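Reading the structure
Listed below are the residues making up each chain.
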Amino acid sequence: MSAGLEHIRQAMADYLNGQGVNAMTAWPAAPREEREEPVVAVSLRGCQVGPSGFQDYLGERYDESTGRWEERYGKKARLTLGLDIYAPEKGGGAAVQTAFDALAGALILGGPEGLAVEEFSCGQTVRDGENRRLKRPVEAVCTAWLCAVDGGSGVFTDFELRGVMKP
């Protein structure tokens, strides 16, 4: 059974790339390529999950594909994403600042479907001597819903990430 968090890092990286910000997931499965331009490394730093209603019940929804009503259950999640900016030393702090400006612009516009960006912050640019790069730590706090559907069997097969519910 899945908890619904597996694809969050990739969803944010894909969103940022679509907004013109070079991004990749931290700890990718493939070998990391050296880049000449700044890149945002997306990681999941924290997750707080809380109840969303009485015994996590969210209500019913009609599924047109099956022609049946489904009961929806879920939890509200507050996620802290690391969006650290790395840049070659030779570019200097100006390249990091330009990358942060582009990142901030993308986060102000929102976020990937299912993630509502509530706040973001950054730290100071520092030299990462081990990797000979500059690094600026950035964090974004997002809200999401982890939802599961009970189609009548009483068994949940998976949770998936959904957007913030509207009243």
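The following paragraphs examine the structure supplied in this document.

Basis of the calculations
Residues numbered from 1 in each chain as written. Predicted model: local features only at pLDDT ≥ 70, side-chain atom pairs only at ≥ 80, totals over all residues. Heavy atoms only, no water. Helix = DSSP H or I, 4+ residues; strand = E, 2+ residues; numbered from the N terminus. Buried < 20%, exposed > 50% of the residue type's maximum accessible area, 1.4 Å probe, protein only. Axes fitted to C-alpha atoms, helices over the stretch in contact; angles between N-to-C directions. Parallel < 35°, antiparallel > 145°, perpendicular 65-115°, else oblique. Contact = heavy atoms within 4.5 Å. Nonpolar A, V, L, I, M, F, W, Y, C, P; charged D, E, K, R; others polar. Salt bridge = Lys/Arg side-chain N within 4 Å of Asp/Glu carboxyl O. Phe/Tyr/Trp six-rings, centres within 6.5 Å; stacked < 30°, edge-to-face > 60°. Lys NZ or Arg CZ within 6 Å of the ring centre and 35° of its normal. Pairing = 2+ DSSP bridges.

1. Comments concerning the environment of A144
Mapping A144 onto the fold places it in strand 8 (residues 138-150). A144 sits in the buried class, given a relative accessible area of 0%. For the pair formed by A144 and V49, sequence separation is 95 residues and the distance between their alpha carbons is 9.5 Å.

2. Quick notes on the packing of helix 1 (residues 8-18) against helix 2 (residues 92-109)
Remark: helix 1 packs on helix 2, axes separated minimally by 10 Å, with the N-to-C direction vectors making an angle of 110 degrees. One element, helix 1, and the other, helix 2, form an angle in the roughly perpendicular class. Between helix 1, through M12, Y15 and L16, and helix 2, the contact on the second element is made entirely by L103, A106, L107 and L109. When the residues that make up the contact of helix 1 with helix 2 are grouped by side-chain class, the tally is seven nonpolar, no polar and no charged.

3. Let's talk about the pattern of salt bridges
Enumeration according to the criterion identifies six salt bridges in this entry. E139 is the partner of R45 in a salt bridge, and the nearest nitrogen-oxygen pair spans 3.2 Å. Note that R45 is positioned in strand 2 (residues 39-51) and E139 in strand 8, a separation of 94 residues in sequence. The class of E139 is partly exposed, set by a relative accessible area of 32%. Salt-bridge contacts for E89 lead to R127; the nearest nitrogen and oxygen are separated by 2.2 Å. Here E89, found in the loop between strand 4 (68-88) and helix 2, pairs with R127, found in strand 6 (residues 126-128); they are 38 residues apart in sequence, far enough to count as distant. Among the residues examined, R127 registers a relative accessible area of 55% and is labelled exposed.

4. A closer look at the packing of aromatic side chains
Going through the model one piece at a time under the given rule, you end up with two aromatic pairs. The side chain of R136 reaches across the aromatic face of F100, ending 5.4 Å from its centre.

5. A word on the pairing of strand 7 (residues 133-136)
Sheet topology note: the strand 4/strand 7 ladder contains four bridges and is antiparallel. Note that in strand 7 the partner of A87 across the bridge is L134. Where strand 6 lies against strand 7, three bridges are found, and the strand directions are antiparallel. Across the sheet, V126 pairs through a bridge with K135, a residue of strand 7. Following strand 6, the chain reverses through four residues before pairing antiparallel with strand 7; R132 in that reversal takes a positive phi of roughly 55 degrees.

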